[in-house]
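Listed below, chain by chain, are the residues.
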Amino acid sequence: MERKPKVTQQAVDAACEELHQAGKNASVNAVIAITGGSFSTVGAMVKTWRAEQEKKAAPAIEMPESITNAMYQATAVVWEAAASLANERIERVRTEAQDALEKSRSELSEYMDAIANLEQQLEKNQKSLASAEKRLSMTASEIAQLNTHKISLETRLADRDSELKQLREDYKKLQAELIAIAKTGKDKH
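Reading the values: the criteria
- Residues numbered from 1 in each chain as written.
- Predicted model: local features only at pLDDT ≥ 70, side-chain atom pairs only at ≥ 80, totals over all residues.
- Heavy atoms only, no water.
- Helix = DSSP H or I, 4+ residues; strand = E, 2+ residues; numbered from the N terminus.
- Rg over C-alpha atoms; globule rule 2.2 N^0.38 Å.
- Buried < 20%, exposed > 50% of the residue type's maximum accessible area, 1.4 Å probe, protein only.
- Contact = heavy atoms within 4.5 Å.
- Axes fitted to C-alpha atoms, helices over the stretch in contact; angles between N-to-C directions.
- Parallel < 35°, antiparallel > 145°, perpendicular 65-115°, else oblique.
- Left-handed = near helix turned anticlockwise from the far one by under 90°.
- Nonpolar A, V, L, I, M, F, W, Y, C, P; charged D, E, K, R; others polar.
- Core = buried A, V, L, I, M, F, W, Y, C linked by side-chain atoms within 4.5 Å.
- Expected span 1.5 Å × (residues − 1).

*Asks:* Is there a simple way to think about the overall build of the protein in this case?
*Replies:* From N to C terminus, the protein includes four helices and zero strands. Along the protein, helices (α) and strands (β) appear in the sequence α-α-α-α when read from the amino end. Relative to the globule expectation of 16 Å for 189 residues, the C-alpha radius of gyration of the protein, 58 Å, shows a markedly less compact shape. Viewed in the frame of its principal axes, the protein has a C-alpha envelope of about 180 × 65 × 25 Å. Residues counted as buried form 7% of the 189 residues belonging to the protein. Pairs at least 24 residues apart make up 42% of the contacts formed inside the protein by residues separated by at least 6 positions.

Here you go:
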């Protein structure tokens, strides 16, 4: 297995300069993509290059204390204004959230009332249904009894019809016998 050559500080510096000139961030991963090497090795070298760049960019003259104080005061004013705007926005968002929460609670209360009403209506309907089912059961029982009674009456009626028919036949026989007896008695006299 062939070993890769070690990365040098010069190679890392050149890669960092190349990236910086191209307007890109001289990140460890970007430098490794150009030079190769490990994250720990190249990372330390990139850190060294950045330190050198900061030394080069350091101002040659020191700012007077009055300017530094004015900058601090301006920064404090800007910070105070930004904090005030942020607080106003936070308060507005908090108020809107509170309003939305109140509206949601109100809607929830309305829905809960509607559910309670529906549950009461359901309970009434269930009681009405139970009562109707009881009446239906009683009516069905009465109908069954009436049907039994009807069948009994129809049977008795059929029996009576049969008896009546028999009685008519007997009546006709008796009438015929009476006529025959009356004729025979007339003939004897």
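*Asks:* In this structure, what is going on with the packing of helix α1 (residues 9-21) against helix α3 (residues 39-57)? I would like to understand it.
*Replies:* The angle between the axes and the distance between the axes are what describe a pair of packed helices. At a minimum axis separation of 9 Å, α1 and α3 run at an interaxial angle of 60°. One way to sum up the angle between α1 and α3 is to call them oblique. Taken as a pair, α1 and α3 cross one another with a handedness that is right-handed. In contact with Gln-9, Val-12, Asp-13, Cys-16, Glu-17 and His-20 of α1, α3 contributes Val-42, Met-45, Val-46, Thr-48, Trp-49 and Gln-53. Considering only residue class, the contact of α1 with α3 consists of six nonpolar, four polar and two charged.

*Asks:* Before we go on, may I ask you to explain the nonpolar core in this structure?
*Replies:* Nonpolar side chains in soluble globular proteins tend to be buried together. Ranked by size, the top nonpolar core spans twelve residues in total: Val-7, Val-12, Ala-15, Cys-16, Leu-19, Ala-26, Val-28, Val-31, Val-42, Met-45, Val-46 and Trp-49. Secondary-structure elements contributing two or more residues to this core are α1, α2 (28-35) and α3. What Leu-19 contacts, discounting residues up to four positions off in sequence, is Lys-24, Asn-25, Ala-26, Ala-30, Val-31 and Ile-34.

*Asks:* Mind showing me how you'd approach α1 here?
*Replies:* Think of an α-helix as 3.6 residues a turn; residues three or four steps apart then line up on the same face. With 13 residues, α1 ought to run about 18 Å at 1.5 Å a step, and its terminal C-alpha atoms sit 18 Å apart, in line with that. Tucked inside the fold, the buried residues of α1 contact α2 and α3. The first or second residue beyond α1 is Gly-23, which carries a positive phi of 80°.

In short, geometric facts, not functional conclusions.
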